[in-house]
Amino acid sequence: MTTYSVLETEEALLPSPVGRRRRGFWDYVPFAVAALVAVPVVVVLCHVFVPAGEVWTHLAETVLGRYVTNTIWLFLGVGIGTAVIGVGTAWLCSMCRFPGRPVFEWALLLPLAVPTYAIGFTYAGLFEYAGPVQSLLRSAFDWGRGDYWFPEPRSLGGAIAVMTLVLYPYVYLLSRAAFLSQSVCVLEVSRTLGRSPFRSFLTVALPLARPAIVGGVSLALMEALSDFGTVHYYGVDTFTTGIYRTWFGFGEPAAAAQLAAMLMVFVLALILLERSSRGSRRFHHTSARYRQLPGYALTGVRKWLAVSACLLPVLLGFLVPFGQLGAWTIATADKMLDASFFALAWNSVSLATITAVIAVCVALLVAYALRLRGTVPMRAAARAAGLGYAVPGSVIAVGVLLPFAWLDNRVDALARDWLGVSTGLLLTGTILALVFAYLVRFLAVSLNTVEASLGRVTPSMDGAARSLGASPGRVLFRVHMPMVAGGLMTAGLLVFVDVMKELPATLIMRPFDFNTLAVKAYELASDERLADSASAALAIVVVGIAPVVLLSRAITRSRPGGEGP
Amino acid sequence: MRILITAASAAAVLFTTLAAVAADPVNVYSYRKEELIRPILNAFTEETGIEVNLITGNAGELHQRLKSEGKNTPADVLVTVDAGNLSRAKEDGLLQPIKSEVLEKYIPEHLRDPEGYWFGLSKRARVFVYSPDRVDPSELSTYFDLADEKWRNRLLIRSSTNIYNQSLIAAMISEFGEEKTQEWARGLVANFARRPQGGDSDQIHAVEAGEGDLALVNTYYYGRMLASDDADERAAAQKLRVFFPNQDGRGTHVNVSGAGVTAYAPHKENAVKLLEFMVGEEAQELFANSNQEYPARQDVAPSKEVASWGTFKEDNLNLSVLGELNKEAVMLADRVGWR
Amino acid sequence: MSGAGLVVERVSHRFGPRLVLDAVSLTVAPGEVVCLLGPSGSGKSTLLRIVAGLESLQEGAISIGGTLVAGPDVQVPPERRGVGLMFQDFALFPHLSVIQNVMFGLTDLAQAERRERAKTALTRVAMDAFADMYPHTLSGGEQQRVALARALAPRPRVMLLDEPFSGLDTGTRDRVRREAIKLLRETGTPTLLVTHDPEEAMRTASHIVLMREGRIEQDGSPRDLYHHPRTAFCAKFLGETNSVPGIVRGGIVETSVGKVSANGFAEGAAVDVLVRPEAIRLTATDGVGQENEGADATVVDLRELGPATLMELGVDGVERPVVARVALTEPLAEGSRVRVRLDRDRVFVFPRETS
């Protein structure tokens, strides 16, 4: 899966224009939609041109170095961590047989449903000096402070570990889909050419899954880079905490946006670098034949190694925090669980559902337009629209707020001038604006997924359908949509889970008296009432589990030629 | 195009919560968490029949929302949990001055804006919470003293990204000037028992566990532990003591949770009513008991846990100064490496 | 059998309850191309995969180059068997260039030497000019040649081909196949080729093993199988046949098309006479009756195939039209009446199949 997979096939798709083609829906609408979603990103980027000299001198002299170092370590740590865990478990679950594998197949996705800060609080609470683990050690061995070494949970390393545990499922998800869709023939050839299963994995399966792995790791990294809650609580200064401090502590939006722009440029540069390093290699399947995946039956030590490799991420990324949240929920149930709680759940689920549907539709529209007409402005708009994912949530929320409020105030001024009535704020503070903000944040997730699935539909399908007289729209509905239904579902479910957990945009964009589970959990947690916040956080997890399990089943079924072993 | 605009407007109107459009409510933007403000707002509705609509959020973002909504903002009242953000709102022209005898009568002068742009409603002091086993109360004196070498590796305090610490630094700057405050902050940072992390409650827990000897925290966090439903929490809190610093000098640094009426409030009259209600006895007691804060009014008693610490002399520095010095305070923290 | 080559001894294999190979044995000597022929589901691909080590052996034994690679308690993994494998779709690695694909199997050598060996292999298949290109830029035939070079470069002890030519269009297929087989013969590599196409088998193999439902139906030279099928299945699978029912009467089978010797079938037995199209001869209709040989027929359909003419004949008393391939000396038109007679050497008698 890759952001760019479609670009590889577009030459084949573009008919050489004979005469003048009439421009229509597919030339304008998708571009307009993508451009609209890109507006907040552009708004943030525009701050780059506002001078903020004095603050920069201060930042450069004092904290910028630390921001950069910490961010790079976080980037490397989470990147390597999610890649190793995600790819490793995906390989084991796709290619090997060992006890519990059918359960791990979906259980490995579960941490996706857990909000990062919930895991962050849980582990800080468990492993801090005052926490149960260290207290137990001290009382058991009669140690005092400084008598022993224990890793500091609230630290850069801790933040990396926590984020890796929550974010590896992105890599697992996408690389598993890639392994499942690989032809086994190339692996078998590799075996007969003298490479062991492991070396074949390294030299053939892994490079072939590269676009998918890169896609998954970049989703994980974008999310890690934009995280504020965890790094702030863990006392790790990153670019993102710096952006907050500069914006809301100094009151310097321009300098903060410039920091955010640096972050975006960094992400974009990496994506382009990876892209150019691929050269003219190809990663399509060269084979149309699908045999049952080998299903190496593991025995002895290897079997148990595989079981622990899969169990550990599930245990640490899901079971432990889930247990902690559950215990807190039980302890606070009579206080926290009342009728209003279900209203919160309803708000969260309906917002997540609406956004998921819209995000998939927009992604389909944009991805299909890229396939039909990959013009430079179209591509630029699509890429910019996807960048919202890499920007800290609050910053992008403000980026959404500014144009909406501006538009509202303009409309209001016009109405006053011409009609003598005030229209007030038409969009700001409505569900509409909130859903749009979600779209800006999460379009990258759905777009990546949908583009990748469309990329797997061979261009000759388009040709065949078009030559049978179907319009592009009809081809999309009758041919592509049924073929990529699994991909669309994956995209929708990912967005659903992300919206369930979303916080900064919800906080700032929501209408009066409108709360969600995430808002509730956050308010209580940030007020340092962790136990009280657990029921809301647990509800987010519970609601997220069903989509996550569905997701796994969709992927298993997606293998061409039927189920895996 | 016109049809599109009409349709969009119609949809938007539909989406706008009806309550906000209905006649004469009062709309509140609050940095104070819903759990801690809603009971007071409900009491107001009960007494006056005026509906209150609420949005809570983080200071920076909600400030930005209020600012960008401009003249058309639906917000009438802005509630914050510190004076710094109130005076920033004033500077940005988001508030309007209010003349109210009730407010002026009950709220002490140093807890409100001299020009009436905002009013403090409840107080919290930034105090020392220490372990009596490891700290002799005679060692304790002032904030400034915490920079002394004898505290090396013993202090616990959260990050300077937090507004309470920024306000404390601002108060120090107003007392000692920037240069001396920077020297103090440098000494303070050198005495940290660990890298700043977690919230105020985490600092108190760390003192209890022995990771440090003294935590610099807001009173209500400790008050809440003392009043906790959880017996372990109460037991842990009871092992510790509170100390009010600067009693021989300017007094202990206090901050307020306060409110102001927005510059373009559509329901100004109701907004003033709400503010006046909030200094009423009933509301002040709610502030005191729901969150272990000190009522702004002198004649309303704090909760029994808070009262158990005795009375103290508070710094009468006008809190509007905190907002003016906030940026300087953050930059100072950056310079001395207080994360 | 010892020494070089591939020996498969009594290999049986089950997928669940289904027996897909039933005690299959075969031998491929160096320089020999053996064709495993059969319809899909006959177990031929499974046998190939067992030989390659991609499927674990359940029963029997396999040795390559005189070493046991699979048998009771022995299971050498594919990477240490020294087999070359080629798939129908070539399975080139799309992320590696042509030369890197060929170098892939040359693991134990120094980089320079690997490149040299790969170059040589590519030169052999006349693909050296394409060394730095990526597979997706090559035509089907070119990809096939690269796949062959890749499989041969590590000098495998046995070469396994799984329908390697069926992905190519007819034009290139013949040429590529000829070149590939020639190369394999030259290198002396024992080769086992799986195909479902009897024509391909006859064109390439020195020896054909015909499989049916997990068993060897018959094996021998292409000529043997074509001309002396031991079963109706074999006769039908190796070429087109007309099936004509008959009854044995006095050592002779009388059919509507003519008489055939009963080949030892009992008196009164019901048999099927299978007749290859080229076994049907035409004689003049008006000529002096040659005893009672032959039958009258009408030309129903007629197609010129260059050297021969393929025609469908409606034979009096036979339900379905009979297909004949004959070299006509003078033109005939549809609807003409002809007299047909059988060439007894190319006619096979088998017991009547109960359908």
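Residues numbered from 1 in each chain as written. Chains lettered and ligands numbered in written order. Predicted model: local features only at pLDDT ≥ 70, side-chain atom pairs only at ≥ 80, totals over all residues. Heavy atoms only, no water.

Student: What exactly am I supposed to notice about the sheet that holds strand 3 (residues 33–37) of chain C here?
Tutor: In a beta sheet, neighbouring strands pair by backbone hydrogen bonds and run either parallel or antiparallel. Residues and elements named next belong to chain C. Strands sit in the order 7-8-9-3-10-11 across an open sheet of six strands; the sheet is mixed. Edge positions in the sheet fall to strand 7 (83–86) and strand 11 (215–220), since each has one partner strand and no second. Shown here is a sheet whose adjacent strand axes are inclined to one another by a mean of 20°, direction ignored. Sheet topology places strand 3 next to strand 10 (residues 207–212); four bridges connect them, and they run parallel. Its bridge partner being in strand 10, Val-34 is matched across the sheet by His-207. Helix 4 (residues 140–152) rests against strand 7 and strand 8 (158–162) of the sheet, and its axis sits at about 165° to strand 7. (Pairing = 2+ DSSP bridges. Helix = DSSP H or I, 4+ residues; strand = E, 2+ residues; numbered from the N terminus. Axes fitted to C-alpha atoms, helices over the stretch in contact; angles between N-to-C directions. Contact = heavy atoms within 4.5 Å.)

Student: Looking at this model, I keep getting lost on the interface of chain B and chain A. Mind explaining?
Tutor: Accessible area lost when the parts come together is the quantity often used to give the size of an interface. With 67 residues of chain B at the interface, the matching set in chain A holds 64 residues. Between chain B and chain A lies a buried interface of about 5500 Å² when both sides are counted; carbon and sulfur atoms form 49% of it. When the area that chain B buries against chain A is broken down by residue, the three leading residues are Glu-61, Asn-72 and Asp-334 of chain B, summing to 12%. Counting every contact that joins chain B to chain A gives five salt bridges. Between Lys-520 of chain A and Glu-35 of chain B there is a salt bridge, and its shortest N-O distance comes to 2.8 Å. Inspection of the region where chain B meets chain A yields 26 residue pairs in polar contact (both at pLDDT 80 or more). Taken together, the elements giving at least two residues each to the side of chain B that touches chain A come down to helix 1 (2–15), strand 1 (26–30), helix 3 (34–48), strand 2 (52–56), helix 4 (59–69), helix 9 (200–209), helix 10 (219–226) and helix 16 (326–336) of chain B. (Buried area = accessible area lost by both parts, 1.4 Å probe. Salt bridge = Lys/Arg side-chain N within 4 Å of Asp/Glu carboxyl O. Polar contact = N/O pair within 3.5 Å; in protein donor to acceptor, adjacent residues only side chain to side chain.)

Student: Just to check I follow, could you spell out the arrangement of the chains for this structure?
Tutor: Counting contacts across all two pairs of chains found in contact, the highest total belongs to chains A and B. One finds no contact linking chain B with chain C; the least C-alpha distance across the pair is 47 Å.

Student: Can you help me understand the packing of helix 3 (residues 53–62) of chain A against helix 14 (residues 253–277) of chain A in this one?
Tutor: The description of two helices packed together rests on the angle between their axes and the distance between the axes. Residues and elements named next belong to chain A. As a packed pair, helix 3 and helix 14 sit with axes 10 Å apart at the nearest point and diverge in direction by 55°. With respect to helix 14, the element helix 3 is oriented oblique. Along the contact surface, helix 3 presents Val-55, Trp-56 and Leu-59, while helix 14 presents Ala-255, Gln-258, Leu-259 and Met-262. Each residue belonging to the contact of helix 3 with helix 14 can be placed in one class, and the counts come to six nonpolar, one polar and no charged. (Parallel < 35°, antiparallel > 145°, perpendicular 65-115°, else oblique. Nonpolar A, V, L, I, M, F, W, Y, C, P; charged D, E, K, R; others polar.)

Student: Help me understand the nonpolar core, please; the structure alone is not making it clear to me.
Tutor: Most often, soluble globular proteins keep nonpolar side chains buried together rather than apart. Ranked by size, the top nonpolar core spans 226 residues in total, and within it Phe-98 of chain A together with Ile-62 of chain C carry the most contacts. When residues in this core are grouped by element, the largest group, 18 residues, is from helix 16 (residues 339–372) of chain A. Every residue in contact with Ile-62 of chain C, bar those within four places of it in the chain, is listed here: Leu-6, Val-7, Val-8, Val-11, Ile-50, Val-51, Leu-57, Thr-67, Leu-68, Val-69 and Ala-70 of chain C. Counting residues in each nonpolar core, the second largest holds 80 residues, with Tyr-31, Leu-54, Ala-185 and Ala-333 of chain B among its members. (Core = buried A, V, L, I, M, F, W, Y, C linked by side-chain atoms within 4.5 Å. Buried < 20%, exposed > 50% of the residue type's maximum accessible area, 1.4 Å probe, protein only.)

Student: What am I meant to see in the domain arrangement of chain B here?
Tutor: All names here are of chain B. Each assigned domain of chain B is listed here: domain 1 (2–123 + 256–301) and domain 2 (124–253 + 315–335). Placing a centre on the C-alpha atoms of domain 1 and another on those of domain 2 gives a separation of 29 Å. Contact residues are listed per partner, giving 25 residues for domain 1 and 20 residues for domain 2. Buried area between domain 1 and domain 2, summed over both chains or domains, comes out near 1600 Å², and the portion from carbon and sulfur atoms is 54%. On the domain 1 side of the contact with domain 2, His-110, Gln-292 and Tyr-294 bury the most area, a combined 33% of that side's loss. Between Arg-124 and Glu-293 there is a salt bridge, with the nearest N and O atoms lying 2.7 Å from each other. Here domain 1 is connected to domain 2 by eight residue pairs in polar contact (both at pLDDT 80 or more). Broken down by secondary-structure element, the contributors of at least two residues to the side of domain 1 that touches domain 2 are helix 5 (83–91), strand 5 (119–130) and strand 9 (254–262). Sort the elements by how many residues they give to the side of domain 1 that touches domain 2 and helix 5 lands first, with six residues. Here the residues of the side of domain 1 that touches domain 2 sort into eight nonpolar, eight polar and nine charged. (Domains from an automatic or database assignment.)

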